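Architecture at a glance
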Amino acid sequence: MPKVNINGTEIEVEKGTTILKAAAQAGFEVPHFCYHPALSIPANCRMCLVEVEGARSLEPACYSEVTDGMVVETKSERVIKAQKSVLEFILLNHPVDCPICDQAGECKLQDYYMAYDAQESRLRAEKNQKVKVFPIGPEVLYDGERCILCTRCIRFCEEITGTNELTIVQRGDSAEIRTFPGKELDNPYSVCTADICPVGALTSRDFRFKCRVWLLQSTDSVCTGCSNGCNIHLEHFRNEIQRYRPRYNPQVNDYWMCDAGRLSYKEVHTDRLLRPMSNGAALNWHGVTETASAKLARALDDDAGSFGFVVSPQASCEDLFLAKRFIEEVLGTDQLYLGGKPDGFEDDFLIKADKNPNRQGVKAVFGGLNDFGDVDKLIDDIESGAIKTLYMMETHLPADAETRQRFVDALDKLDLFVLQAQHCAELANQAHLALPACSHAETEGTFVNFDGLAQPFEQAFAPHGDSLPHWQIFMRLARAMGQPLTYTFVHQIRDEMFQASDADENGEPAEAQAE
Amino acid sequence: MAVEFSEEAEATFQDLISRYPNNLAAMLPVLHLAQSEFGWISVEVMDYVANRLDVHPTKVLNAATFYTMYNKQPIGKCHIQVCTTLSCALMGGYEIIDYLEDTLGIRVGETTPDGRFTLSEVECLASCGTAPMFQASFCDGEIEYFENLDAERVDEVLKELNEKLEALPLPKDMH
């Protein structure tokens, strides 16, 4: 393995390692714009130039591989001069409109200017003007003036999605990123181009002017858009999610996530059930717990055999584990049905047809899916009177609109309908008891993705309104019904759950690497 | 008119792509061929070239917009490109431009109303020994040099060109 000396630090690295990576291993940052670890290396921004002893000119650290005995300087006078020159070139026509730029605060050009340049502009001529707001795609806007032509977005569309929408048109200082006339940057992963854009040239239309990025708090979470379970930075401000950003995990989603998943955060803030309700009247938790426990106890006394329970693959494993204990120990019913969203679009990259984040979790907690009835059986059972009391987790059903309407119509036949959900949908009005559950952003838990990988997610902010995590609701009801389930923290459930189930906790996501 | 190579152009196209290791490498000569065939490089032509070369249209867009000698707008039947680099500048290249502007009634970068001539100022065309000079590129892809120019010679050349242009179609009508 080649030994290389970087700024006086001797380090041994794998053969074929680039200077940039070797320097990172030795603890030195080499600034770069165009280099991205998941994309090919064009070495066109020249920001990563370093001095190699014996070489005539400075070399791009992102592209040049180390050789045995190489002596590299990343902070020599020549290098600093080159870095300043490169930044001066890049900033020649850059508008420096940071105050109105969404990227400000997470902009490589800003950061590098402060760290490596920090000199006043010598340019006295007028800057080039270009289209400031070019709608390059349905989810992304392009600002040609800010663009530094690093071609990361072009390479993303060529190498990751294979859709080839983008290219550079014109040349010199009139060069810009464009699509072919009449086409758009319209692929299921298009906002990733805004993520990897080192400056504010490509920005998300959804996040546009929404929040300054330095106000955002970031929580490690998992996307609930489908069963792939892409790792995300859940970024929030004042108890509201502002955006999702992919979090590097080579086992699941690499650096990427799909646009649909990225926008799925809106569900957390739409149509929320925020107060416990009894027949349409808002109650507090104390009142609703008493009412619910009494009603459930009566229903069980009357006819325990006609008690049905809809389990949701939208809920976390911890919630499901308590649901299972609640069902088995408190309700004692075995008529289970599986809810969850219907299947949707899938591709061969990240997007999975199963739009529920935790179907595998249901499988692991309940020991398989064979005991669950499907929607048709659920509707038949309600219509035939086999089910008189229904306890439903979440509002989703894997059904088309027509079947769903049949379900909603059939609800009238029930003696007691308890809904425990995040959303109102059209069901909260029909429910005799509606118990507000909180979203994955407001609690912690574990989702098991399609591949069987158990992935924890963290709590970002306090539950909205009076909502509570599913597991706490089950605990309240269980206690009120005289069979308390005693947990204080999620990790207690987690420990017990992993002992109980076969699922092994191998899902600690890898630490994010520098982009 | 449908954008499609004539039999003759098709033969040239096949010959061109056989000379390069891959289709992407044949992009520039094929674009020149397309320009002489279709008069100018419209979006439809770019699409057709991409199709024929089996590359993504953005690659063609990239190349066609980078190079100024591919006309993304229809120009005149004859594109007069006057050299004004050193030798020509010293020997009267600018006077040739002035004379052409007066004679044709257009400025540099413009096209005559009858669609015959477009006038441009260009850098060195490697004919310094015979300065001043201009190059005339015709919409059918032919290129001709006119050298050792003065006002009198320009008049002759224009007359010559006018006769030749009778037979040529307008680029904007070529597809």
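What counts as what
Residues numbered from 1 in each chain as written. Chains lettered and ligands numbered in written order. Predicted model: local features only at pLDDT ≥ 70, side-chain atom pairs only at ≥ 80, totals over all residues. Heavy atoms only, no water. Axes fitted to C-alpha atoms, helices over the stretch in contact; angles between N-to-C directions. Helix = DSSP H or I, 4+ residues; strand = E, 2+ residues; numbered from the N terminus. Parallel < 35°, antiparallel > 145°, perpendicular 65-115°, else oblique. Left-handed = near helix turned anticlockwise from the far one by under 90°. Contact = heavy atoms within 4.5 Å. Nonpolar A, V, L, I, M, F, W, Y, C, P; charged D, E, K, R; others polar. Phe/Tyr/Trp six-rings, centres within 6.5 Å; stacked < 30°, edge-to-face > 60°. Lys NZ or Arg CZ within 6 Å of the ring centre and 35° of its normal. Domains from an automatic or database assignment. Core = buried A, V, L, I, M, F, W, Y, C linked by side-chain atoms within 4.5 Å. Buried < 20%, exposed > 50% of the residue type's maximum accessible area, 1.4 Å probe, protein only. Polar contact = N/O pair within 3.5 Å; in protein donor to acceptor, adjacent residues only side chain to side chain. Salt bridge = Lys/Arg side-chain N within 4 Å of Asp/Glu carboxyl O. Patch = residues over 30% accessible without salt bridge, like charges linked within 9 Å, V, L, I, M, F, W, Y side chains within 5 Å. Areas by Shrake-Rupley, 256 points an atom, 1.4 Å probe, with all protein chains shown as cover.

**Side note on the packing of helix α3 (residues 43–53) of chain B against helix α4 (residues 57–66) of chain B**
Residues and elements named next belong to chain B.
- At a closest axis distance of 8 Å, the pairing of α3 and α4 adopts a crossing angle of 125°. As far as their axial angle goes, α4 and α3 are oblique. The way α3 lies across α4 gives a crossing that is right-handed. Within the contact between the two elements, α3 uses Met 46, Asp 47, Val 49 and Ala 50 and α4 uses Pro 57, Val 60, Leu 61 and Ala 64.
- Split by residue class, the contact of α3 with α4 holds 7 nonpolar, no polar and 1 charged.

**Comments concerning the packing of aromatic side chains**
- This structure, assessed with the given rule, holds 21 aromatic pairs over all chains.
- What links up through ring pairs into an aromatic cluster is the set Phe156(A), Tyr248(A), Tyr255(A) and Trp256(A).
- Here Arg171(A) stacks its cationic end above the ring of Phe66(B), 5.0 Å away from the centre of that ring.
- Over the face of the ring belonging to Phe138(B) we find Lys164(B), whose NZ or CZ atom lies 4.1 Å from the ring centre.

**Concerning the domain arrangement of chain A**
- Parsing chain A into structural domains produces domain 1 (3–91), domain 2 (126–209) and domain 3 (277–503).
- Taken over C-alpha atoms, the centre of domain 2 of chain A sits 43 Å from the centre of domain 3 of chain A.

**Here we look at the nonpolar core**
Residues and elements named next belong to chain A.
- The biggest cluster of nonpolar side chains holds 55 residues, and the ones touching the most others in it are Phe 33, Leu 109 and Ile 177.
- Of all the secondary-structure elements, those providing two or more residues to this core are α2 (77–91), α3 (108–117), β6 (140–142), α4 (152–160), β7 (166–169), α5 (192–196), β11 (231–237) and β12 (240–246).
- Residues within four places of Leu 109 in sequence aside, it is in contact with Phe 33, Leu 87, Ile 90, Leu 91, His 94, Ile 148, Pro 198 and Val 199.
- Of all hydrophobic cores here, the second largest spans 48 residues; its members include Phe 326, Ala 454, Met 481 and Leu 485.

**Some remarks on the side chain of Thr112(B)**
Residues and elements named next belong to chain B.
- Relative to the helices and strands, Thr 112 resides in the loop between α6 (93–104) and β2 (117–122).
- A polar side-chain atom of Thr 112 sits 2.6 Å from a polar atom in the side chain of Asp 114.
- Other than its neighbours up to four places away in sequence, Thr 112 contacts Leu 104, Ile 106 and Phe 117.

**What about the domain arrangement of chain B?**
- Domain annotation of chain B identifies domain 1 (7–66) and domain 2 (78–165).
- Inter-centroid distance (C-alpha atoms) of domain 1 of chain B to domain 2 of chain B is 28 Å.

**Things to note about the interface of chain A and chain B**
- Taken together, the contact between chain A and chain B spans 14 residues of the former and 12 residues of the latter.
- On the surface where chain A and chain B come into contact, there are 1 salt bridge.
- The element that contributes the greatest number of residues to the side of chain A that touches chain B is β7(A), accounting for 4 residues.
- For the side of chain A that touches chain B, the per-class residue count stands at 5 nonpolar, 5 polar and 4 charged.

**Remarks on a nonpolar patch on the surface**
- A surface patch of nonpolar side chains, about 230 Å² in accessible area, is lined by Leu28(B), Phe66(B) and Tyr67(B).
- Mapped onto the elements, Phe66(B) comes out in helix α4.

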